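Coordinate analysis (summary)
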Amino acid sequence: MRIAQVAPLYESVPPKLYGGTERVVSYLTEELVAQGHDVTLFASGDSETSAQLIPVCPAALRLDKGCVDQLAHHFVMLQEVMDRAEQFDIIHFHVDYLHFPLSRLAAFPHVTTLHGRLDLPDLLPVYRKFRDMPVISISHNQRKPLPMANWVGNAYHGLPQNSLNMGNGSGKYLAFLGRISPEKRADRAIEIAVRLGMPLKIAAKIDRADRDYFESTIKPLLCHRNVEYIGEITQKEKSAFLGNALAYLFPIDWPEPFGLTMIEAMACGTPTVAFGCGSVPEVLTPDVSGLIVNSMDEAVLAVEKAATMSRATCRREFDRRFTAHRMAADYVKLYEAAVSTSSFSAPSVEVDSCLTL
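Residues numbered from 1 in each chain as written. Predicted model: local features only at pLDDT ≥ 70, side-chain atom pairs only at ≥ 80, totals over all residues. Heavy atoms only, no water.

**A few points about the overall build of the protein chain**
We count it as follows: Numbered from the N terminus, helices here are DSSP runs of H or I no shorter than four residues, and strands are runs of E no shorter than two. With C-alpha atoms as the basis for the radius of gyration, the globule rule is written as 2.2 Å multiplied by the number of residues raised to the power 0.38. Relative accessibility under 20% of the residue-type maximum defines a buried residue, over 50% an exposed one, and the middle range a partly exposed one, all with a 1.4 Å probe and only protein chains included. To be clear on the numbers: accessible area is Shrake-Rupley with a 1.4 Å probe, and residue cover counts the displayed protein chains and nothing else. Positive charges are assigned to Lys and Arg, negative charges to Asp and Glu, while His and the chain termini are left out of the count. Where a charge lies is defined by one atom per residue type, namely NZ (Lys), CZ (Arg), CG (Asp) and CD (Glu).
Scanning the protein chain from N- to C-terminus turns up twelve helices and 13 strands. Here the C-alpha atoms of the protein chain give a radius of gyration of 20 Å, agreeing with the 21 Å that 2.2 N^0.38 yields for 357 residues. Among the 357 residues that make up the protein chain, the fraction classed as buried is 56%. Of the roughly 14,700 Å² that the protein chain leaves accessible, carbon and sulfur atoms contribute 53%. In the protein chain, which carries 35 positive and 41 negative side-chain charges, the distance between the mean positions of the two groups comes to 4 Å.

Structure, rendered in structure tokens:
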């Protein structure tokens with residue numbers, strides 16, 4: 001198939017540091033190329049891909065201190081996509097609802113994966129007005145706030161099978177990875193480690209919007225001698241960071257759409273201790289890839305149990321459910337369904353072969 005992937009411009013594809021959506025777009029793009037598809041990637045100019053790259057701006061916008069209006073670059077990208085629309089069998093958007101008015105007018109085959117949280121009241125009128133737009137969820141829980149949306153499928157994220165190596169937990173520390181923000185609850189991770197008397201390593205970025213939260217809430221907690229804040233790490237550093245950890249802490253307090261770091265830990269054989277919000281019960285298999293808790297007391301006890309879990313079994317769960325090969329195959333089925341119908345209100349195609357209930 002001739003496939004266009006349209007990525008956000010905030011990070012490169014793949015990201016140099018943090019960036020969940022752009023990382024997934026990279027994994028999907030590279031796997032589609034490996035499977036023989038003709039893929040074009042619309043992304044920032046510092047992206048690296050084996051697909052044909054249409055560079056919309058010179059570099060990722062988040063790291064460009066000279067960029068004031070990020071939306072302007074996305075509008076340029078959408079026009080670049082429209083100018084080339086006839087070259088593709090399917091256009092796969094990863095930019096939320098930004099393209100909806102243009103896509104409705106142009107009427108070409110397309111799908112949109114929604115990567116973020118959907119429980120914001122401002123989104124309701126958008127998805128009511130554009131209820132014909134075909135959208136794909138990354139977990140079934142993600143859909144709950146927008147039942148009226150035109151859900152045409154569900155596709156869980158996946159990683160290249162050999163991108164992360166299984167570790168042995170020899171570092172004997174707990175790990176927290178991702179982003180410092182109120183909903184990610186690094187403060188809970190710190191409290192769990194302090195109560196257990198165990199070292200905690202925090203590898204996370206701080207967005208400008210979360211800088212005040214970090215300074216007021218998290219920074220004062222870093223005084224504990226067992227807590228180490230590392231900052232953002234690269235993808236190459238994740239195998240050692242997660243693989244050497246005794247357990248991965250995912251103490252979230254929000255409706256997590258997916259949680260890419262959970263499957264990254266899984267690929268390293270490191271059990272995850274997670275609060276049961278959002279997608280967590282869909283991603284984690286209790287006593288296999290991690291433990292799901294609902295309180296701090298349960299989390300403390302779960303860490304001790306996680307230390308006894310089989311890391312090989314955890315890794316096998318990743319191989320079974322969350323590879324990029326499986327993700328790409330799921331999306332190809334959704335692409336074929338979109339292309340085969342002239343109307344996007346066709347019956348849903350559910351791709352959930354990896355779901356364990």
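**Description of the sheet that holds strand E10 (residues 227-229)**
We count it as follows: We treat two strands as partners when DSSP finds at least two bridges between them. Axis definition: a line fit to C-alpha positions, over the contact stretch in the case of helices; interaxial angles, taken between N-to-C directions, run 0 to 180 degrees.
Strand order in this open sheet of six strands is E10-E9-E8-E11-E12-E13, and the pairing throughout is parallel. Strand pairing shows two members of the sheet lacking a second neighbour, E10 and strand E13 (290-293), which therefore form its edges. With direction set aside, neighbouring strand axes in the sheet form an average angle of 20°. In this sheet, E13 lies alongside strand E12 (residues 272-275) in parallel orientation, the contact comprising four bridges. Looking across to E13, one finds that Thr 272 is bridged to Gly 290.

**A word on the confidence of the model for the protein chain**
Stated precisely, the cut-off is as follows: How sure the predictor is of each residue is captured by pLDDT, a score from 0 to 100. Residue contacts follow a heavy-atom distance rule, with two residues in contact if any of their heavy atoms lie within 4.5 Å.
Per-residue confidence for the protein chain gives a mean pLDDT of 93, with 96% of residues at or over 70. Note on residues 343-350: pLDDT under 50 across the span, and 21 contacts to partners over four residues away in sequence or across chains.

**Description of the packing of aromatic side chains**
Definition in use: In this analysis, rings of Phe, Tyr and Trp, with Trp reduced to its six-membered ring, are considered paired at centre separations within 6.5 Å, and the interplanar angle assigns stacked below 30 degrees, edge-to-face beyond 60, and tilted for intermediate values. Two conditions define a charge located above a ring, namely a distance within 6 Å from the ring centre to NZ of Lys or CZ of Arg, and an angle within 35 degrees of the ring normal.
In the structure shown here, the tally under the stated rule is eleven aromatic pairs. Each ring, one from Tyr 156 and one from Phe 322, has its centre 6.3 Å from the other, and the planes form 70°; the classification is edge-to-face. Placement of the pair is Tyr 156 in the loop between strand E7 (150-154) and strand E8 (173-179) and Phe 322 in the loop between helix H11 (311-321) and helix H12 (324-339), with a sequence separation of 166 residues. Judged by relative accessible area, Tyr 156 falls into the buried class, the value being 1%. Measuring from ring centre to ring centre gives 6.2 Å for Tyr 331 and Tyr 335, while their planes differ by 25°; the resulting arrangement is stacked. Here the residue Tyr 331 and the residue Tyr 335 both occupy positions in helix H12, the gap between them amounting to four residues, near one helical turn. For the pair Tyr 331 and Tyr 335, a shared accessibility class is recorded, and that class is buried. The structure contains a cluster of three or more aromatic residues connected by ring pairs, namely Phe 100, Tyr 127 and Phe 130. Lying over the aromatic face of Phe 275, Arg 188 brings its terminal NZ or CZ to 4.1 Å of the ring centre. Over the ring of Tyr 173 we find Lys 201; its NZ or CZ atom is 5.1 Å from the centre of that ring.

**Description of helix H6 (residues 211-218)**
We count it as follows: Here the arc refers to the directions that run from the helix axis out to each C-beta atom.
Three or more residues of H6 are buried, namely Tyr 213, Phe 214 and Ile 218. Taken down its axis, H6 places every buried residue within 100° of arc, on the same side. More than 90 degrees from the buried face of H6, the exposed residues found are Asp 212 and Ser 216. Among the structural elements, helix H5 (186-196) are those in contact with the buried residues of H6.

**A closer look at the sheet that holds strand E6 (residues 134-137)**
Remark on secondary structure: sheet strands pair via backbone hydrogen bonds, oriented parallel or antiparallel. Ordered in space as E3-E2-E1-E4-E5-E6-E7, the seven strands form an open sheet in which the pairing is parallel. Only two strands of the sheet have a single partner each, and these edge strands are strand E3 (52-55) and E7. Taken pair by pair, the neighbouring strands of this sheet meet at an average axis angle of 25°, ignoring direction. As defined by bridge partners, E6 adjoins E7 across four bridges and the pair is classed as parallel. When the sheet's bridge partners are listed, Ile 136 is paired in E7 with Gly 153. Packed on one face of the sheet, H12 meets strand E1 (2-6), strand E4 (90-93), strand E5 (110-113), E6 and E7 and runs near 125° to E4.

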